[in-house]
Amino acid sequence: MFTVWFLQSLVFGGIVLCSVGVIVLLTLFYFDSKDKRIW
Amino acid sequence: MTLTVVNFFNLLAVGPVLDQTAGYVMLALFSLVWIGLGLWWGRRAKSYDGFAVAGRNVGLALGTATAVATWITSNTTMMAPLFALQLGVWGSLAYATASFGLFAFAPMSGRIRRIMPKGYTAVEFIGRRYGLAGSVPFLVISLFYALTWLISMSMAGGKLLLVLSGIPYEVGMSVVLLVCVLYTLCGGMYAVIGTDFIQSVIILVGLVVVAVAILLHVEIADVHQQLSQRRPMLLSVAFPAALMALFNNMLFGFGEIFHSNVWWSRALAMREGVGAKAYFLGGLLWLPVPIVAGFLGLAAPALGIGISEPDTVGPLVAANLLGYAGAMLVFVVVFCSLASSIDSLLAATSDLIVNDILERAAPGAVADATKRRWASFSIIGLGLVAWCVALPNIGTLATVLFFAGPMVGSCIWPIVGGLYFRRPSPVAACTAMVMGSGAGLIAYFAIDWFVGSLVGAATSGIVFALGVWLAPSNFDFQSLLDKEQDIPPALPLPSSSPAGGAS
């Protein structure tokens, strides 16, 4: 049986990764815009 | 990711979580935004190169976002909770393995960009690599997959808007499809990739908000305890069907991404050196989405939310915890998930029609403006076909998409072998695709859905290896570049201005 610890790691890890994903996308967009390299 | 464990379209009647007026307002608002953005970005899409591959200069931010958004379909956000509810923790993990396809495609995208820098489609590569013997079955599989995915997404649009807000199926399906056709028609790949960025941010933020709201109401330890008491199988490490689903999903994902022009056209649209990073990052950002969405399904019993209608478990949980705001958030997330997949399919499939059917049939070189016009007509045509087939709302039609699992699974080895090795021959590729598809479909009907892609990919791999051994080739990859140089560029009209450049 999967442990509580494993389930917690999955869920918290997933939420953190989704949040980091948003930050990464916005950061990349900022740098691409700054360098005029969006398109 | 398009695979689901159940017939997605057997959505049962359930009261909408939003009222109809709010649904119409949200629908109108987002429709106007996407069409406006399509028109705005459409100013760049004057040439065919701009329209089909966004000027081949897409940067890392938009490249990453488009990989994430396109792979998040309405199934990912709506069905992942159901997957978890039926197959437990393994169900979430099985769904998440679809991201491995993006990781594996990362190095392939760089190679695709290098060996055919002026190319447009996956079928074009298979045609140059394996000739007619390879391109015919591959084109058939590609069109079958693209059309069934497009139709099933259109049907999903109608069904989901009905379930979420009570908007009649015909109206919801028609509006979602029309909006996607209009903005893809206006802006081509520029609009598709640009809107994908906004959609991916909205989807990720929406999921985080809903998941955090759940965690404010319930402890994960309580979820675990409830599951271990009521449905211990969902926490079981040894859950045979779920384990089979894991490998099947992974192979279906590989097949879907490796063969589909949705992904090839993006690889060709990205700036040199960007593709591999964008697909790898895209996989990393997509990986947690089914896990977080799946948690909605696992948490439902602990929250005391009745699961009489399992297909709607995600929206029900969100609406219960966040009230009206939660329901609106789910509406937006689902609408973005649908649009990001439908627009990609329209653009990528029109590339197949223009480059691999119409241009090949045309005598002599085709003018740039003519290809641009053909692309517009084919997008309208695809939209009309999808609308006509989706309108009668025949649930069994959607299950046809699942036949694509064995078929795309059988394309994995011919594509990878053809991209990296000289010895794979047209005979090996053709027989692998045909026999792999056949064996996979037999397994699908004789056993069950969760072995179709496994059998298809395994048979195709064995046949392909035997074919390469018995009838090897000695392909010269330089000829791909030489052929590109031989192909006369589409004839530009004096009035057409080049697309692309820094924004």
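Since we're looking at a predicted model, the values are computed, not measured. (Residues numbered from 1 in each chain as written. Chains lettered and ligands numbered in written order. Predicted model: local features only at pLDDT ≥ 70, side-chain atom pairs only at ≥ 80, totals over all residues.)

To continue, consider the overall build of chain B. Assigned secondary structure in chain B consists of 21 helices and zero strands. Over its C-alpha atoms chain B spans a radius of gyration of 22 Å, differing by no more than 12% from the 23 Å that the globule rule assigns to 503 residues. For the C-alpha atoms alone, the extent of chain B along its principal axes is close to 65 × 55 × 40 Å. For chain B, buried positions account for 62% of its 503 residues. (Helix = DSSP H or I, 4+ residues; strand = E, 2+ residues; numbered from the N terminus. Rg over C-alpha atoms; globule rule 2.2 N^0.38 Å. Buried ≥ 20, exposed ≤ 12 C-beta atoms within 10 Å, placed from the backbone.)

When helices and strands are counted, chain A shows one helix and zero strands. By principal-axis analysis of the C-alpha atoms, chain A measures approximately 50 × 10 × 10 Å. Taking all 39 residues of chain A together, the buried fraction comes to 33%.

Another aspect to go through is the interface of chain A and chain B. Taken together, the contacts link 24 residues of chain A with 40 residues of chain B. Taken together, the residues of the side of chain A that touches chain B break down into 16 nonpolar, five polar and three charged. (Contact = placed C-beta atoms within 7 Å. Nonpolar A, V, L, I, M, F, W, Y, C, P; charged D, E, K, R; others polar.)

In a packed pair of helices, the relevant descriptors are the angle between the two axes and the axis-to-axis distance. All names here are of chain B. The interhelical angle for the contact between helix α4 (residues 74-96) and helix α10 (residues 240-259), taken along N-to-C directions, is 5 degrees, at an axis separation of 8 Å. It follows from the interaxial angle that α4 and α10 lie roughly parallel. Here Leu87, Gly88, Trp90, Gly91, Leu93, Ala94 and Tyr95 of α4 come into contact with α10, specifically with Ala241, Ala242, Leu243, Ala245, Leu246 and Asn249. Grouping the constituent residues of the contact of α4 with α10 by class yields 10 nonpolar, three polar and no charged. (Axes fitted to C-alpha atoms, helices over the stretch in contact; angles between N-to-C directions. Parallel < 35°, antiparallel > 145°, perpendicular 65-115°, else oblique.)

All names here are of chain B. Averaged over all residues, the pLDDT of chain B equals 85, while 90% of them reach at least 70. Considering each helix and strand of chain B separately, the mean pLDDT is smallest for helix α16 (residues 395-399), with a value of 63, and largest for helix α18 (residues 412-420), with 96. Residue range residues 2-14 is modelled with pLDDT below 50. Its contacts to residues more than four positions away, or to other chains, number 35 contacts. Counted against residues more than four places away or in other chains, residues 488-503, with its pLDDT under 50, gives 38 contacts. Among the scores for the predicted complex, ipTM is 0.96 and pTM is 0.88. (pLDDT = per-residue confidence, 0-100.)

The next thing to look at is the environment of Phe125 of chain B. Residue and element names in this part refer to chain B. In this structure, Phe125 sits in helix α6 (residues 122-130). The buried category is assigned to Phe125, around which 24 C-beta atoms lie within 10 Å. Each C-alpha atom of the pair Phe125 and Phe335 lies 33 Å from the other, and the pair is 210 residues apart in sequence.

This brings us to the nonpolar core. Generally speaking, a soluble globular protein has its nonpolar side chains buried in company with each other. Ranked by size, the top nonpolar core spans 195 residues in total, and within it Met189, Leu207 and Ile342 of chain B carry the most contacts. It is helix α14 (residues 313-361) of chain B that provides the largest number of residues to this core, a total of 25 residues. (Core = buried A, V, L, I, M, F, W, Y, C linked by C-beta atoms within 7 Å.)

A separate point is unusual backbone geometry. The phi angle at Lys36 of chain A is positive, at roughly 55 degrees, despite the residue not being glycine. Structurally, Lys36 of chain A can be placed in the segment after α1 (4-34). You will see that Arg56 of chain B, though not glycine, has its phi angle at about 55 degrees, which is positive. Inspection of the secondary structure puts Arg56 of chain B in the loop between α2 (48-53) and α3 (60-71). The exposure class of Arg56 of chain B is buried, given the 21 C-beta atoms found within 10 Å.

Okay, the environment of Ala242 of chain B next. Residues and elements named next belong to chain B. Mapping Ala242 onto the fold places it in helix α10. Separated by 152 residues in the primary sequence, Ala242 and Trp90 place their C-alpha atoms 5.8 Å from one another. Residue contacts for Ala242: discarding those within four places in its chain leaves Leu87, Gly88, Trp90, Gly91 and Ala94.

This next bit is on helix α15 (residues 368-390) of chain B. Residue and element names in this part refer to chain B. Taking 1.5 Å per residue as the helical rise, α15 with its 23 residues ought to reach 33 Å, and the 33 Å between its terminal C-alpha atoms agrees with that figure. Burial in α15 covers these residues: Asp368, Lys371, Arg372, Trp374, Ala375, Ser378, Ile379, Leu382, Gly383, Ala386 and Ala390. The elements touched by buried residues of α15 are α2, α7 (132-165), α8 (169-217) and α14. (Expected span 1.5 Å × (residues − 1).)

Looking now at the packing of α7 of chain B against α8 of chain B. Residue and element names in this part refer to chain B. Orientation of α7 relative to α8, taken along the N-to-C sense of each, is 130 degrees, at an axis distance of 7 Å. The pairing of α7 with α8 is recorded here as oblique in orientation. Between α7 and α8 lies a crossing of right-handed hand. Packed against α7, whose contacting residues are Ser154, Met155, Gly157, Gly158, Lys159, Leu161 and Leu162, the element α8 presents Tyr169, Glu170, Gly172, Met173, Val176 and Leu177 at the interface. The residue inventory of the contact of α7 with α8, partitioned by class, reads seven nonpolar, four polar and two charged. (Left-handed = near helix turned anticlockwise from the far one by under 90°.)

The next point concerns α4 of chain B. All names here are of chain B. Taking 1.5 Å of rise per residue, the 23 residues of α4 would be expected to cover 33 Å, yet its terminal C-alpha atoms sit only 15 Å apart, more than 12% below that figure. The principal kink in α4, of about 140 degrees, is found at Leu87. Most of α4 is tucked away: 23 of the 23 residues are buried. (Bend = angle between axes of the 7 residues up to and from the residue.)

All names here are of chain B. Within the secondary structure, Ile141 is located in helix α7. Assessed through the 23 C-beta atoms surrounding it within 10 Å, Ile141 is described here as buried. Considering only alpha carbons, one finds Ile141 and His259, 118 residues apart in sequence, at a separation of 8.8 Å. Not counting chain neighbours up to four residues away, the residues in contact with Ile141 comprise His259, Met407, Val408, Cys411, Met433 and Ser437.

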